[in-house]
Amino acid sequence: MWPLWRLVSLLALSQALPFEQRGFWDFTLDDGPFMMNDEEASGADTSGVLDPDSVTPTYSAMCPFGCHCHLRVVQCSDLGLKSVPKEISPDTTLLDLQKLYISKNHLVEIPPNLPSSLVELRIHDNRIRKVPKGVFSGLRNMNCIEMGGNPLENSGFEPGAFDGLKLNYLRISEAKLTGIPKDLPETLNELHLDHNKIQAIELEDLLRYSKLYRLGLGHNQIRMIENGSLSFLPTLRELHLDNNKLARVPSGLPDLKLLQVVYLHSNNITKVGVNDFCPMGFGVKRAYYNGISLFNNPVPYWEVQPATFRCVTDRLAIQFGNYKK
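Report follows, based on the coordinates. None of these values were measured; they are calculated from a predicted model. (Residues numbered from 1 in each chain as written. Predicted model: local features only at pLDDT ≥ 70, side-chain atom pairs only at ≥ 80, totals over all residues. Heavy atoms only, no water.)

### Describing the overall build of the protein chain
In step 1: The number of helices and strands found in the protein chain is two helices and 14 strands.
In step 2: Here the protein chain holds 325 residues, and the buried ones make up 41% of them.
In step 3: Put simply, of all contacts in the protein chain between residues at least 6 apart along the chain, 51% involve residues at least 24 apart.
In step 4: Accessible surface computed for the protein chain: about 18400 Å², of which carbon and sulfur atoms make up 52%. (Helix = DSSP H or I, 4+ residues; strand = E, 2+ residues; numbered from the N terminus. Buried < 20%, exposed > 50% of the residue type's maximum accessible area, 1.4 Å probe, protein only. Contact = heavy atoms within 4.5 Å. Areas by Shrake-Rupley, 256 points an atom, 1.4 Å probe, with all protein chains shown as cover.)

Structure follows, in structure tokens:
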């Protein structure tokens, strides 16, 4: 039989702190390993020997299969889950979901009844095909959702699916969208729909999103942007339209007074007009461009007039050439 001091030591070693996610706005890269210092990793009281009476027992029998349970904390990352575990210990006194990361699993639906305290949901790279109405009900604190990498089509969004949300950030990239989804939250500052199958931007597609300052539509199949479509985005600062099938620079760019970055590389643009980017009068644009990419387009760049970029901060901000058939 082991002496009491050895059993106490083993209990002390079992009190590891829960996994902590890093970074709030890192939505494109996977989180790296989180390292704890020796004192945190052991959970031991460095001031002396741990009092056996202070050790709180855990209900290991209630721990979901494959998960790690310590001191009323359940950790179930990278298990290929198809649903949120239900076998949560009844002695759980703190469920910390300010953030919920359940990406890269096999979920076929968004978990219902999410905690109202959620501010960030990462559910990308799953198998979700439908976003039903009411699935986000009561999530008044939510401001960020990353749901790319799911086989979502436009028909998969039920009317009112995002009702009540006041999101700042939404990414639905690497899906199967053929158009900009309707009825997304009006509060959005960033909308990323890159790597889809969007073919056109029609006049009223962007009507609701007047607060956008960053719009990502790269790596789609966009051939046409209807005149006036961009006029609904008065605060836009960054526009990504690279790797599409545009034959000309979209109209309306000179009217976007705050626009600073435009990605148009890898399209089919053959001509750049002198007034395609800058307004005709001086003092109209409130922020000069600091980035315009036009490389990998069949544009005879030696024919482009220098005045075309009169509202650019520096000539190094313009990227031309390198077109290959």
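From this point, the discussion proceeds with the structure in view.
### Quick look at the pattern of salt bridges
In step 1: Considering all chains together, one arrives at seven salt bridges under this definition.
In step 2: Close ionic contact of E190 with R214 constitutes a salt bridge, the shortest N to O distance being 2.8 Å. Here R214 lies in strand β9 (residues 214-216) and E190 lies in strand β7 (residues 190-192), a separation of 24 residues in the sequence.
In step 3: The class for R214 is partly exposed, based on a relative accessible area of 23%. (Salt bridge = Lys/Arg side-chain N within 4 Å of Asp/Glu carboxyl O.)

### Structural notes on the packing of aromatic side chains
In step 1: In total, this model carries seven aromatic pairs according to the counting rule given.
In step 2: Ring pairs connect the aromatic residues F277, Y289, Y301, W302, F309 and F320, which therefore count as one cluster.
In step 3: Just above the ring of Y101 sits the side chain of R122; from NZ or CZ to the centre is 4.9 Å.
In step 4: When the ring centre of Y289 is taken as origin, the NZ or CZ atom of K285, which lies over that ring, is 4.3 Å away. (Phe/Tyr/Trp six-rings, centres within 6.5 Å; stacked < 30°, edge-to-face > 60°. Lys NZ or Arg CZ within 6 Å of the ring centre and 35° of its normal.)

### Regarding the side chain of H124
In step 1: For H124, the position within the fold is in the loop between β4 (120-122) and β5 (144-146).
In step 2: Residue class for H124 comes out buried when judged on its relative accessible area of 7%.
In step 3: A distance of 3.1 Å separates a polar atom in the side chain of H124 from a polar atom in the side chain of S103.
In step 4: In terms of polar contacts, H124 uses its side chain to reach the side chain of D125, at 2.7 Å. (Polar contact = N/O pair within 3.5 Å; in protein donor to acceptor, adjacent residues only side chain to side chain.)

### Description of the state of the cysteines
In step 1: Tallying each qualifying case throughout the model produces one disulfide.
In step 2: One disulfide bridge connects C278 with C311, the sulfur atoms lying 2.0 Å from each other. Its torsion about the S-S bond being -85°, the disulfide of C278 and C311 is classed as left-handed. Of this pair, C278 sits in the loop between β12 (261-263) and β13 (291-293) while C311 sits in the loop between β13 and β14 (318-319); the two residues are 33 residues apart in sequence, bridging distant segments of the chain. C311 carries the same exposure label as C278, and that label is buried. (Disulfide = S-S within 2.5 Å.)

### Thoughts on the side chain of E190
In step 1: We classify E190 as buried; its relative accessible area is 11%.
In step 2: Side chain to side chain, E190 and R214 meet in a polar contact 2.8 Å long.
In step 3: Leave out the neighbours within four places in its chain, and E190 touches N168, Y169, L170, L212, Y213 and R214.

### Considering the sheet that holds β14
In step 1: Reading across from one edge, β3-β4-β5-β6-β7-β9-β11-β12-β13-β14 is the order of the 10 strands in this open sheet, with parallel pairing throughout. In the strand order of this sheet, the two ends are held by β3 (99-101) and β14, each with one partner.
In step 2: In terms of strand pairing, β12 meets β13 through three bridges, oriented parallel. The residue of β13 that forms the bridge with V262 is I292. (Pairing = 2+ DSSP bridges.)

### Regarding unusual backbone geometry
In step 1: With a phi angle near 60°, D183 is a residue other than glycine that sits in the positive phi range.
In step 2: Following the sequence through the fold, D183 ends up in the loop between β6 (169-171) and β7.
In step 3: Relative accessible area serves as the criterion here: at 37%, D183 is assigned to the partly exposed category.
In step 4: The backbone of N243 sits at a positive phi, close to 55°, despite the residue not being glycine.
In step 5: Turning to its location among the elements, N243 is positioned in the loop between β11 (238-240) and β12.
In step 6: Take N243: its relative accessible area is 26%, and that puts it in the partly exposed class.

### Description of the nonpolar core
In step 1: Core analysis: the largest hydrophobic core is formed by 65 residues, its most contacted members being F136, M147, L170, L253 and F277.
In step 2: Contacts of M147, omitting those with residues within four sequence positions, involve I110, I123, H124, V131, L152, F162, L170, R171 and I172. (Core = buried A, V, L, I, M, F, W, Y, C linked by side-chain atoms within 4.5 Å.)

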